[in-house]
Amino acid sequence: RGMFHRGGNYFFFITSPKLGWKIAAMIPDTVVSHEARAAVAVPIIGLSLALVLLILLTLGGLNVFILKPLERFSMVTRNIAETGDLRQTINIQSKDEIGVLAGSFNSMVVAIEEQEIVRQASEIKYRNLFQFSWDAIALRTEEGFIDCNQAAVEMFGYEKAEFLKLEPEDISTETQPDGSSSRELSARLITDALNSNKVHLEWSCRRKDGTVFPAE
């Protein structure tokens with residue numbers, strides 16, 4: 001038995017062991033090429049369809065599990081930044097990294113909201129203590145007075161808007177009991193107060209109508 005190629009054809013032959021005859025078959029190249037292409041074409045088409053399906057599934061999964069959650073994440077963070085409303089959370093229930101990130105973000109938002117509630121409550125508490133105290137209280141920075149309570153307004157006899165434009169020497173006698181200049185001494189004491197946060201002193205004050213009274 002054997003095979004050879006000649007003249008654009010494949011020849012296959014076998015010898016009969018009993019008769020000694022040679023039986024041959026001829027197959028043209030075109031037939032062999034066509035059958036080979038047909039045999040290869042089916043797997044290639046199947047593989048191509050499988051790849052297309054895999055790409056579509058990947059894009060669909062990417063959209064559902066990554067792009068959509070990230071879009072919700074972006075929308076909530078943008079709304080919080082624009083409105084300051086910390087009651088907004090991200091509703092992502094997945095167990096992947098994006099779900100974990102969303103859970104951490106929600107926990108952070110809740111913690112910030114709780115801190116904000118505590119801060120506002122504390123601010124209200126101290127604002128009430130400031131406004132309704134029987135003692136005159138004025139708040140000052142290096143630039144000047146920024147606020148005062150009603151007790152300070154009544155004690156010095158100025159309207160609040162007037163009081164906030166004053167300097168310490170405007171509501172003090174020209175000199176203090178020890179003979180120090182009120183202007184120079186107040187400037188030094190304000191610096192000490194800003195540096196150490198606490199200064200205790202006895203002071204000679206003057207109301208709008210010129211009345212002098214001692215203060216501590």
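Up top is the structure these notes are about.
Anyway, here's the lowdown on the structure attached to this text. Everything numeric here is computed off the predicted structure, so don't read it as measured data. (Residues numbered from 1 in each chain as written. Predicted model: local features only at pLDDT ≥ 70, side-chain atom pairs only at ≥ 80, totals over all residues. Heavy atoms only, no water.)

1. So, the packing of aromatic side chains
Here the distance between the centres and the angle between the planes together describe a pair of aromatic rings.
Moving on, step 1. With the rule as written, the count across this model stands at 3 aromatic pairs.
Moving on, step 2. Arranged with centres 5.1 Å apart and planes meeting at 40°, the rings of F145 and F163 form a pair that is tilted. Here F163 lies in helix α4 (residues 160-163) and F145 lies in strand β5 (residues 144-148), a separation of 18 residues in the sequence.
Moving on, step 3. The buried category is assigned to F145, whose relative accessible area is 14%.
Moving on, step 4. When the ring of F156 is compared with that of F163, the centres are 5.7 Å apart and the planes differ by 50°; the resulting orientation is tilted. Each of the two residues, F156 as well as F163, counts as buried.
Moving on, step 5. Ring-pair connections join several aromatic residues into one group, and the members of that group are F145, F156, F163 and F213.
Moving on, step 6. Over the ring of F145 we find R140; its NZ or CZ atom is 5.2 Å from the centre of that ring.
Moving on, step 7. Its end group placed over the ring of F213, R207 keeps NZ or CZ at 4.2 Å from the ring centre. (Phe/Tyr/Trp six-rings, centres within 6.5 Å; stacked < 30°, edge-to-face > 60°. Helix = DSSP H or I, 4+ residues; strand = E, 2+ residues; numbered from the N terminus. Buried < 20%, exposed > 50% of the residue type's maximum accessible area, 1.4 Å probe, protein only. Lys NZ or Arg CZ within 6 Å of the ring centre and 35° of its normal.)

2. Some thoughts on the nonpolar core
Moving on, step 1. Formed by 14 residues in total, the largest nonpolar core has its most connected members in F156, Y158, F163 and I171.
Moving on, step 2. For this core, the element with the most residues is helix α3 (residues 150-156), which contributes 3 residues.
Moving on, step 3. If we skip the residues at most four places from it in the chain, I171 touches F145, F156, Y158, F163, L166, C205 and R206.
Moving on, step 4. Within the second largest apolar cluster, 8 residues are counted, among which are V76, I90, I92 and I98. (Core = buried A, V, L, I, M, F, W, Y, C linked by side-chain atoms within 4.5 Å. Contact = heavy atoms within 4.5 Å.)

Shape is all these values report; function is a separate question.
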